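Below are the chains, spelled out letter by letter.
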Amino acid sequence: MTKKTKLFPLIPALWASLFDIFITTVYQPKEYWQGNLSIATEGNPIGALFMKYHVSGLFVISGIWLILIVLLGYHLPRKFSRVFLLFALIAHSFGASTWLSMHLGFTSTMLFVLLNSILYLAVDEYVRKVEVLRTNEAT
C-alpha cells in the first residue's frame, strides 16, 4: 500500500474524533470557560481529568490522541490498523452521540452514526479498489 493510500483510512476516525472534540467544547458550560474547572462535563475519565486540571486540558489530551490515531493508524500492520481505526470511529461516534442525543435528539444521533458508517465503508472500499488496481498493474 502506498503512503497516500495509507492516509485515507485515517479520515473517518479523525473526522469522528474532531467532531467529538468540537461538540464537547461547544456544550461545556459558560462557567467552565470562565475558570470554574470543577464543572467540566466529560464522560471519558482521562479527558475529564485533563479538563478539571486546566481549561486547555481538553485540547492537550485531544491533540495527543489525534497524533496517536495518525501514528498508530498509519504504522500498524493493515489488519491491526483497521481494527484500531474502527475502534476510534465507534468510540468517538458514541461520545459525540451522547451530546447529540441530549441536545438535538435521537434522530441527529442516528444520522451521525449512519454518516460515519457510510464514510468508513466508502473509504475502505476505495482503498481496496486501489490495492486491487495496484496488484493488477504489478502482474
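Comments concerning the overall build of the protein chain
Here comes step 1: When you go through the protein chain residue by residue, the secondary structure sums to seven helices and zero strands.
Here comes step 2: The N-to-C order of helical and strand elements in the protein chain reads α-α-α-α-α-α-α.
Here comes step 3: Counting only C-alpha atoms, the protein chain reaches 65 × 30 × 20 Å along its principal axes.
Here comes step 4: Looking at the protein chain alone, contacts between residues at least 24 apart form 59% of all its contacts between residues at least 6 apart.
Here comes step 5: Between the mean site of the 11 positive side-chain charges and the mean site of the 7 negative ones, the protein chain shows a separation of 6 Å.

What about helix H2 (residues 10–26)?
Here comes step 1: Over its 17 residues, H2 runs 24 Å from end to end, which matches the ideal 24 Å to within 8%, given 1.5 Å per residue.
Here comes step 2: Turning to H2, its buried residues are Leu10, Pro12, Ala13, Ala16, Ser17, Phe19, Asp20, Ile21, Ile23, Thr24 and Thr25.
Here comes step 3: On the buried face of H2, the contacting elements are helix H1 (3–7), helix H3 (30–33), helix H5 (57–75), helix H6 (78–104) and helix H7 (106–138).

A closer look at the side chain of Thr109
Here comes step 1: Mapped onto the elements of the fold, Thr109 is located in helix H7.
Here comes step 2: Among the polar contacts listed, one links the side chain of Thr109 to the backbone nitrogen of Ser101, at a separation of 3.2 Å.
Here comes step 3: In contact with Thr109, other than residues within four places in its own chain, are Ser97, Leu100 and Ser101.

Topic: the layout of surface pockets
With a probe scaled to a water molecule rolled over the atoms, the places where space remains empty come into view.
Here comes step 1: Its boundaries defined by the atoms lining it, the largest pocket holds a volume of some 610 Å³.
Here comes step 2: What lines the largest pocket is a set of 23 residues, among which Asp20, Glu42, Asn44, Ala91 and His92 lie closest to the centre.
Here comes step 3: Of all the elements in the fold, those that place two or more residues in the lining of the largest pocket are H2, helix H4 (45–53), H5 and H6.
Here comes step 4: Ranked by residue count, the leading element in the lining of the largest pocket is H6, at eight residues.
Here comes step 5: Class assignment of the residues belonging to the lining of the largest pocket gives a composition of 12 nonpolar, nine polar and two charged.

Conventions used here
Residues numbered from 1 in each chain as written. Predicted model: local features only at pLDDT ≥ 70, side-chain atom pairs only at ≥ 80, totals over all residues. Heavy atoms only, no water. Helix = DSSP H or I, 4+ residues; strand = E, 2+ residues; numbered from the N terminus. Contact = heavy atoms within 4.5 Å. Lys, Arg positive; Asp, Glu negative; His and termini not counted. Charge placed at Lys NZ, Arg CZ, Asp CG, Glu CD. Expected span 1.5 Å × (residues − 1). Buried < 20%, exposed > 50% of the residue type's maximum accessible area, 1.4 Å probe, protein only. Polar contact = N/O pair within 3.5 Å; in protein donor to acceptor, adjacent residues only side chain to side chain. 1 Å grid on protein atoms, 1.4 Å probe; cavity = no way out; pocket = protein on both sides within 12 Å on 5 of 7 lines; lining within 4 Å. Points joined across faces, edges and corners; volume = space filled by probe spheres on them. Nonpolar A, V, L, I, M, F, W, Y, C, P; charged D, E, K, R; others polar.

By themselves, these figures tell us nothing about what the structure is for.
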